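One-letter residues, chain by chain:
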Amino acid sequence: MFEALTPVSEMLTRNLDILSRQPLLVCGLLEDKLPGLLAEAGPAPRVFTTDFRYFQWQQAQGFADIEFGTRPAPGSAAGLLLLMPKAKAEAEYLLAACLPLLAVGAPVFIAGDNKGGVKSAPKLLAPYCEQVNKLDSARRASLYQAELTTLPTPFALADWISRYPLEEEQLQICALPGVFSAGHLDSGSRLLLNTISSLKGRVLDFGCGAGVIGASLLKRNADMALECIDINALALEASRMTLAENRLDTNARVYASDGLSQVSGKFNHIISNPPFHAGLKTFYHTTETLLSSAADYLLPGGSLILVANAFLPYPELIEKSFGHCETLAATGKFKIYRARR
């Protein structure tokens, strides 16, 4: 899954002599075995990820010093390597969370795809570093280097929470940087919520994001038992906060799951606005796996309901798994599909 080196990591292998001089804290858009290469070249890095899939993969490879969560655990670090995430706001968040673990004078590196925002590294580091230098550029990727001169204030998750009202549902949505639906309700989720009627029983919100869909459904159906899953630690925490802020958390469970791998038992309904991007790439595997295996996680008469961009070939996949697929609603951009077991 993560075996092949990305172009960013291929560029970084040219700089292992510099990157491996000290045990780095590595975070951000982790997509390959780069931490292992750093460990082979020098002191093993400490890895922090918000991606549960990557966390599990590294653990399976025997890489022990990896953490999954919303922030790295307390403890000092000799330097930082940030692999530029898709959202600039998430990069700012990760710097604020990780830099307090460093001492003044520690090296700070930012690497990323040239089309993925890495050119903003000097601006991102300006509050913390007096000078930022471009160390390398190859494979359409760049590496920036700086020295920490100003320690940031201690990290507080509360400083990074944003909120917006969902007036139709009388809900307050909480979000964290880089989480889907972080600033507003997207039109696909709105179409889904406008289409779904009352739901009963055990309901799974697959790819919960900021918890918009799950919280809205639970608000309408108080006796529903909701489970929210995602691979992103920031999304999971945002969902927890959204449910708690609206006093909906007593009937809900939020937990990390790689697809349906950590889910147990069967559901009356599986609801999803599934992702089709991973980092900077289009990525259909998660949704394709959901569509092929969802029937196994549904009770007799249970339903899979999802919203998807109209151009995606999901009806064929749903029909292959369920034997049928109905379109409940459609706009120029989105369609709502349903299949019953």
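Each remark here, short or long, concerns the structure printed above.
First, a word on scope: everything that follows refers to the structure included in this document.

Criteria and thresholds
- Sequence positions are assigned chain by chain, starting from 1 and proceeding in written order.
- At least 70 in pLDDT is required for a residue's local features to be given in this predicted model, at least 80 for side-chain atom pairs to be given and counted, and no such filter applies to totals for whole chains, interfaces and linings, which use all residues.
- As a convention, hydrogens and water are excluded, and side-chain values are obtained from all of the structure's heavy atoms.
- Any two strands are treated as partners once DSSP identifies two or more bridges connecting them.
- In this text, helices come from DSSP runs of H or I with a minimum length of four residues, and strands from runs of E with a minimum of two, each type numbered from the N-terminal end.
- For helices, the fitted line uses only the C-alpha atoms of the stretch in contact; every axis is such a line through C-alpha atoms, and the angle between N-to-C directions lies from 0 to 180 degrees.
- We call two residues in contact whenever any of their non-hydrogen atoms come within 4.5 Å of each other.
- Here a polar contact is taken to be a pair of N or O atoms separated by no more than 3.5 Å, where protein atoms must pair a possible hydrogen donor with a possible acceptor and residues adjacent in sequence count only if both atoms sit in side chains.
- Residues belong to one nonpolar core when they are buried, are Ala, Val, Leu, Ile, Met, Phe, Trp, Tyr or Cys, and are joined through side-chain atoms within 4.5 Å.
- Only protein chains enter the calculation, and the probe is 1.4 Å; a residue is then buried if its accessible area is under 20% of its type maximum, exposed if over 50%, and partly exposed in between.

1. Considerations on the sheet that holds strand S12 (residues 252-256)
1) Next: Pairing in this open sheet of seven strands is mixed, and the strands run S12-S11-S10-S13-S16-S18-S17 from one edge to the other. Whereas interior strands pair on both sides, the edge strands pair on one side only; in this sheet they are S12 and strand S17 (326-330). Sheet twist, expressed as the average angle between the axes of neighbouring strands with direction ignored, equals 20°.
2) Next: In terms of strand pairing, strand S16 (residues 298-309) meets strand S18 (residues 334-340) through seven bridges, oriented antiparallel. By the bridge assignment, Leu306 is partnered in S18 with Tyr337.
3) Next: Against the sheet, helix H8 (residues 212-220) engages strand S10 (202-206), strand S11 (225-230), S12 and strand S13 (267-272), with an angle of about 175° to S11.

2. Here we look at the side chain of Ser272
1) Next: With respect to the helices and strands, the residue Ser272 is situated in strand S13.
2) Next: Separated by 2.9 Å, the side chain of Ser272 and the backbone oxygen of Phe206 make a polar contact.

3. Some remarks on the nonpolar core
1) Next: Counting residues in hydrophobic clusters, the biggest one holds 99 residues, and the most contacted among them are Leu12, Leu80, Leu81, Leu83, Leu95, Leu102 and Ile271.
2) Next: What Leu12 contacts, discounting residues up to four positions off in sequence, is Leu19, Leu34, Leu81, Leu83, Ala111 and Leu143.
3) Next: Within the second largest apolar cluster, 23 residues are counted, among which are Ile229, Leu304, Leu306 and Phe322.

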